[in-house]
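Commentary on secondary and tertiary structure
What follows is each chain in one-letter form.
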Amino acid sequence: MSITAYDRVKTARDIRRPTAANYIRSMFLDFIELHGDRSYADDRAIMGGIARIGDMPVTVIGIEKGQNTKDRILHSFGAPNPEGYRKALRLMKQAEKFHRPVVCFVDTSGAYCGIGAEERGQGQAIAENLMEMMTLKTPVISLVIGEGGSGGALALSVANKVWMMENAIYSVISPEGCASILWKDADRAAEAADVLKLTAQDSLYNGIIDEVISEENLGTEAFYFALRDKIEMTLRELSAMTMEELLDQRYEHFRKIGRPLV
Amino acid sequence: MGIMKFLRPKNELESGGRSSLPEQQAPSEPDITCPNCHKTILISKLRASYGTCTCGHHFRMSARNRLSFMADEGSFTELFTDVKNTDPLEFPGYKGKLEATQRSSKEAEGVICGTAEINKYKCCLFIMEPAFMMGSMGTVVGEKITRLFEYATEHRLPVVGFTVSGGARMQEGLFSLMQMAKTSGAVKRHSDAGLLYVTVLTDPTTGGVTASFAMEGDIILAEPGATVGFAGARVIEQTTRKSLPKGFQTAEFMLEHGFVDAIVARPSQKKVIAAILRMHKEGK
Ligand SMILES: [Zn+2]
């Protein structure tokens, strides 16, 4: 029996799945977490800092859902507030200054939905990240490891290479939300998941992402070892490009999406 | 005054487009009830006051109507009308909905773009269309706005943009979401070239448009009372189970929290935008 889109949705949301913190701590050396947006607060839904991959210093940023129920509340279930996106941007600017590449791990059902988030400019924070990431003068890789929920996920995914895990999803709206708008029935989420083309395989086919990462041995040492090698190799390739090539490549990745064929 | 009477002329004003009145005038002049002060206003009077009531309420306005008073007469050259929708996901019911919307709105898509003069100052201009699926952003809207910024960068022109949007266009899935990054990239290149971008947020500006080009202007203006926000108010209420503060997600709320430069009523907009363009004029 083949795996349905909604099976992938359930897998992507599975709380036993490795979170950004697992990826960061398993693949990078000397990770030092850096906190705060220097303006309002430290948003625990986003974790970021500096680390090494082999000899190469990198900035790593991940949307962290938390490891257990208590932890998940602390991390707002991986729904970032504006200060989270601003912290991420601060760390990316720091990476640019010190010529370090940036690696982002994306896993969110969406940006935090609340009164405070609106008061502090959720829309503006995401918009600024989209703009600034497009011209960040250092290589950027983004990997969607679980849920790629709409603008809240895109705000860390304007990258030279956008990858998705085999069972990750990436969507403009949750299948439940889509079903309730389309058919006034959230129970038809499985059908909605199908029509939204939100799987990694669909995203690759549609030219939205560059690669699907196999989940064979997910979470094991061998898995992280292979992925780390892949990240390191790709960062070296991107670092060999001229700045103009690097920025044009990133711009073109998004520029071509939805450009009508002549 | 019944709800139908309110809705009928409202639709005509919002989707009718051209500024001329329909030819076959009813014996009694058509009117509309202001949802704010509940007074009855003649449609002809409303047009003379740029679609605003004496109480200050701003009615939604079609892109063509807005164009007719923003751009100097005969100065507008529309661009990129060849960008056509492709229904990239073959989404159920979308093709039919698009065609019906094209018929009712008399527009091909959710935004009109072009070059124009505003009190003789040349600029690139985009105006989003509320009657076209509430200005939702799909690939055509994203592509046209991206092309406009690329054109403006190439020709060293400022961009003035009027936003109205319910957010991303669900029926185009990720193709729609990616337009946020694509347009933002084009805005950034325009900005890095030292060029001016002025946005005017009109009712409603929400979702993916707020989280991209609406909030990326050098100067961000808003119309009085316009709904401006990211997440939908109802969704916030449902998830947080808190009642929302009065005036939540209005232009005034955004001004108070520091996300809008100024609120400008529609009758003053042309003058204010022209003054801004004048202060950013290149050369001499
Ligand atoms: Zn009134």
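Okay, so let's go over this structure. (Residues numbered from 1 in each chain as written. Chains lettered and ligands numbered in written order. Predicted model: local features only at pLDDT ≥ 70, side-chain atom pairs only at ≥ 80, totals over all residues. Heavy atoms only, no water.)

Time to look at the overall build of chain B. Regarding its fold elements, chain B presents 10 helices and 9 strands. Evaluated residue by residue, chain B yields a buried proportion of 54% over its 284 residues. In chain B, the proportion of contacts linking residues at least 24 apart, taken out of those at least 6 apart, comes to 70%. (Helix = DSSP H or I, 4+ residues; strand = E, 2+ residues; numbered from the N terminus. Buried < 20%, exposed > 50% of the residue type's maximum accessible area, 1.4 Å probe, protein only. Contact = heavy atoms within 4.5 Å.)

On to the pairing of strand S5 (residues 121–128) of chain B, then. Residues and elements named next belong to chain B. The element S5 is extensively covered by neighbouring structure, given that 6 of its 8 residues are classed as buried. Bridge count between strand S4 (residues 111–118) and S5: 8 bridges; the pairing is antiparallel. In the sheet register, Thr115 faces S5, and the bridge partner there is Cys124. In this antiparallel pair of consecutive strands, S4 and S5, the connection spans 2 residues, and Asn119 shows a positive phi of 45°. Here S5 runs beside strand S6 (residues 159–165); their pairing, made up of 4 bridges, is parallel. The residue of S6 that forms the bridge with Cys124 is Val159. Remark: the S5/helix H5 (residues 139–154)/S6 crossover connection has right-handed handedness. (Pairing = 2+ DSSP bridges. Right-handed = clockwise from strand over helix to strand, strands pointing away.)

As a measure of interface size, the accessible area lost when the parts come together is often cited. Across the boundary between the two partners, chain A contributes 45 residues, which contact 50 residues of chain B. Carbon and sulfur atoms make up 74% of the area that chain A and chain B hide from each other, which totals about 4000 Å². If you look at where chain A meets chain B, you find 3 salt bridges. Counting only elements with at least two residues in the side of chain A that touches chain B, the list comes to helix H5 (115–119), helix H6 (122–134), helix H7 (150–154), strand S7 (169–171), helix H8 (175–182), helix H9 (189–196) and helix H12 (243–255) of chain A. For the side of chain A that touches chain B, the leading source of residues is H6(A), giving 9 residues. (Buried area = accessible area lost by both parts, 1.4 Å probe. Salt bridge = Lys/Arg side-chain N within 4 Å of Asp/Glu carboxyl O.)

All names here are of chain A. What the rule picks out here adds up to 2 cavities of 30 Å³ or more. In this structure, the largest cavity encloses a volume near 60 Å³. Contributing to the lining of the largest cavity are Ala12, Arg13, Asp14, Ile15, Arg17, Pro18, Thr19, Lys65, Arg72 and Asp107. For the lining of the largest cavity, a count of residues per class yields 3 nonpolar, 1 polar and 6 charged. The computed volume of the second largest cavity comes to approximately 40 Å³. (1 Å grid on protein atoms, 1.4 Å probe; cavity = no way out; pocket = protein on both sides within 12 Å on 5 of 7 lines; lining within 4 Å. Points joined across faces, edges and corners; volume = space filled by probe spheres on them. Nonpolar A, V, L, I, M, F, W, Y, C, P; charged D, E, K, R; others polar.)

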